[in-house]
Amino acid sequence: MSRSAHPAGPRHADVLPEGHYSAPPADLNVLDRKVWAQTVTRGADGVVSVGGIDVNRLAEEFGTPAYILDEADFRARARAWRTAFGTDADVFYAGKAFLSRAVVRWLNEEGLNLDVCSGGELATALSAGMPADRIAFHGNNKSVAEITRAVEAGVGRIVLDSFQEIVRVAHVAQSLGKRQKVQIRITVGVEAHTHEFIATAHEDQKFGIPLAGGQAAEAVRRALQLDGLELIGIHSHIGSQIFDMSGFEVAAHRVVGLLKAIRDEHGVELPEIDLGGGLGIAYTSDDDPREPHEIAKALTEIVGRECEAARLRTPRISVEPGRAVVGPTAFTLYEVGTVKPLEGLRTYVSVDGGMSDNIRTALYDAEYSVALVSRTSDAAPMLVRVVGKHCESGDIVVKDAFLPADLAPGDLIAQPATGAYCRSMASNYNHVLRPPVIAVKDGEARVIVRRETEDDLLRLDVG
Ligand code: LLP
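Below is a short write-up of the structure. (Residues numbered from 1 in each chain as written. Predicted model: local features only at pLDDT ≥ 70, side-chain atom pairs only at ≥ 80, totals over all residues. Heavy atoms only, no water.)

Digging into the sheet that holds strand S1 (residues 41-42)
Phase 1 of the analysis: Spatial ordering of the open sheet is given by S1-S2-S3, a layout of three strands whose pairing is antiparallel. Every other strand in the sheet has two partners, leaving S1 and strand S3 (53-54) as the edge strands with one partner each.
Phase 2 of the analysis: Bridge analysis of S1 against strand S2 (residues 48-50) gives two bridges, and the strand direction is antiparallel. Residue Thr-41 lies in a different strand from S2, and its bridge partner there is Ser-49. (Pairing = 2+ DSSP bridges. Helix = DSSP H or I, 4+ residues; strand = E, 2+ residues; numbered from the N terminus.)

So, the site of the ligand
Phase 1 of the analysis: As a matter of local geometry, the ligand sits amid 19 residues, with Ser-240, Glu-320, Arg-360, Tyr-364 and Tyr-421 nearest to it.
Phase 2 of the analysis: Within the backbone of Gly-322, one N or O atom sits 3.0 Å away from an oxygen atom of the ligand.
Phase 3 of the analysis: Between the ligand and Tyr-364 there is a distance of 2.7 Å, counted from a nitrogen atom to a side-chain nitrogen or oxygen.
Phase 4 of the analysis: Relative to its free-state accessible area of 580 Å², the ligand is covered by the protein chains to the extent of 91%.
Phase 5 of the analysis: Among the residues forming the shell around the ligand, the class breakdown is six nonpolar, seven polar and six charged.
Phase 6 of the analysis: The residue makeup of the shell around the ligand includes at least three contributed by each of domain 1 (41-70 + 328-459) and domain 2 (138-321). (Near = heavy atom within 4 Å. Polar contact = N/O pair within 3.5 Å; in protein donor to acceptor, adjacent residues only side chain to side chain. Areas by Shrake-Rupley, 256 points an atom, 1.4 Å probe, with all protein chains shown as cover. Nonpolar A, V, L, I, M, F, W, Y, C, P; charged D, E, K, R; others polar. Domains from an automatic or database assignment.)

As for the packing of aromatic side chains
Phase 1 of the analysis: Per the counting criterion, the structure on display carries five aromatic pairs.
Phase 2 of the analysis: Considering the side-chain rings of Tyr-283 and Tyr-368, the 5.1 Å spacing of their centres and the 75 degrees angle between planes classify their relative orientation as edge-to-face. Of this pair, Tyr-283 sits in the loop between strand S12 (272-274) and helix H9 (292-310) while Tyr-368 is found in the loop between helix H11 (360-364) and strand S16 (371-372), placing the two residues 85 residues apart along the sequence. Each member of the pair, Tyr-283 as well as Tyr-368, carries the same accessibility label: buried. (Phe/Tyr/Trp six-rings, centres within 6.5 Å; stacked < 30°, edge-to-face > 60°. Buried < 20%, exposed > 50% of the residue type's maximum accessible area, 1.4 Å probe, protein only.)

Digging into helix H5 (residues 144-153)
Phase 1 of the analysis: Taken as a whole, H5 has its buried residues at Ile-147, Ala-150 and Val-151. Taken down its axis, H5 places every buried residue within 95 degrees of arc, on the same side.
Phase 2 of the analysis: Next to the buried residues of H5 lie helix H4 (119-127), strand S7 (135-137), strand S8 (157-160), helix H6 (163-175) and strand S9 (180-187).
Phase 3 of the analysis: Backbone geometry just downstream of H5 places Gly-154 in the positive-phi region, at approximately 90 degrees. (Arc of directions from axis to C-beta. Contact = heavy atoms within 4.5 Å.)

Concerning unusual backbone geometry
Where the residue is not glycine, phi is negative for most of them; where a peptide bond is considered, it is trans in most cases.
Phase 1 of the analysis: That bond from Thr-64 to Pro-65 is cis: its omega, -10 degrees, falls within 30 degrees of zero.
Phase 2 of the analysis: Following the sequence through the fold, Pro-65 ends up in the loop between helix H1 (55-62) and strand S4 (66-70).
Phase 3 of the analysis: In this structure, Tyr-421 is a non-glycine residue whose phi angle is positive, near 60 degrees.
Phase 4 of the analysis: Note that Tyr-421 resides in the loop between strand S19 (412-416) and strand S20 (437-441).
Phase 5 of the analysis: Positive phi is not limited to glycine here, since Asp-442 has a value of about 45 degrees.
Phase 6 of the analysis: Within the secondary structure, Asp-442 sits in the loop between S20 and strand S21 (444-449).
Phase 7 of the analysis: Using a relative accessible area of 64% as the deciding quantity, one classes Asp-442 as exposed.

Quick word on the pairing of strand S14 (residues 330-341)
Phase 1 of the analysis: Across four bridges, the pairing between S4 and S14 is antiparallel. Note that in S14 the partner of Ala-66 across the bridge is Leu-333.
Phase 2 of the analysis: One ladder, built from five bridges, connects S14 with S19; its direction is antiparallel. In the strand pairing of S19, Thr-332 is matched with Gln-415.
Phase 3 of the analysis: Two elements, S14 and strand S15 (residues 347-351), share five bridges in a ladder whose sense is antiparallel. Within S15, the position partnered with Val-336 by the bridge is Val-351.
Phase 4 of the analysis: As consecutive antiparallel partners, S14 and S15 are separated by five residues, and within that stretch Gly-344 has a phi angle of approximately 80 degrees, a positive value.

Quick look at the side chain of Arg-323
Phase 1 of the analysis: Mapping Arg-323 onto the fold places it in helix H10 (residues 323-326).
Phase 2 of the analysis: Among buried charged residues, Arg-323 stands out as having no salt bridge; its nearest opposite-charge side chain is Asp-287, 9.4 Å away.
Phase 3 of the analysis: Only 2.7 Å separates the side chain of Arg-323 from the side chain of Tyr-283, close enough to count as a polar contact. (Lys, Arg positive; Asp, Glu negative; His and termini not counted. Salt bridge = Lys/Arg side-chain N within 4 Å of Asp/Glu carboxyl O.)

Spatial relationships are all this shows, so hold off on functional conclusions.
Have a look at this one:
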């Protein structure tokens, strides 16, 4: 994730401050295609538009801040994943990245399945008509109420995450007179090259059952004995925002190793494996993500090869991309409120949102880019830190970026690649109201998640 401080480039002072930034682009008005949603363009009048609607109009109609989502891009990415994996594999969109009823309908129409990880996500999926058998239910501590709801609804699979849960799900299923399809999530002991908080396959963490020490094999033994469960496969998710396929390679090798051990011990060939999500996207010009067809090819080859070596029938593969489907499809539109140059340091640009609509910069030190979108400018680049309106100095939206030196209050700036883990991780810190999500397509914009109101806040406050 890290880039080194660049010694060159325009500056306010003689010494460029510490930071993670490249040299400013030659022309700040040019949008880097890599980080913007597909239909985003800058018009002849200098105003950026998406889905045929310019941002000045969007701001006027819907206010700022707002997440602006390119529906055509979302559908195209969902379709690309579906097509890449063909009919021999299943793609489960990870709803935690961003879920709303419109999104569920798009997924349904584009032939994707859905991974949910809470009762709330399950309720959203079911209420928007996702067939239950195309839903996978995840989580390391599902409540009995959540499990009951999922089993009753008939979800396609529950991914078991602990020894307690094996018993809990079996008990619920049995008491409902059902046999629930399940997978067991294992930790394969892979160190994914990503932020510590979003790496999930090393052993010292809360998810899954370790392969090490025979624990995963023991979990399989127990699951196979319980009448309420139909064990259909093994699950592994190694982490998030990963570019390097070698982690998946090791994971597939170890998962197939377990399938082989299960075959040898129980005479059972489990029909499915799930390799999770985690594929990285471009947040800045320095990131080079892989296309779904490359990922599909790599994963199917790895699994095929491993199974051939183990003399196993190749199981049906599933994957769970979240960020890689929705992340690039949206940007956050902010209005600039204040511009504060600090001599010898950088210029602080305050916007009307902040860590309540994007916690990723504060939480993971995530890098983003930003652009002036309501007009063009020929002014020189200035080094900025885009900050929010919260009472906290860690309230950083974009840590280091360049914007034109004539930036002024009232300008609209946009932060690309905020489709994943921004609205879904948004908070009400400082009682700031969560922004709406506006879907734009073919010249039409519609609210798919409305802006929160003070009434919404006060409705919960019943003291
Ligand atoms: N499958 C499972 C079991 C997961 O736990 C996750 C993400 C995914 C799939 C989807 O991963 P993706 O393709 O979106 O990377 N809040 C963090 C990311 C946490 C991811 C949690 N699990 C962030 O903002 O980077």
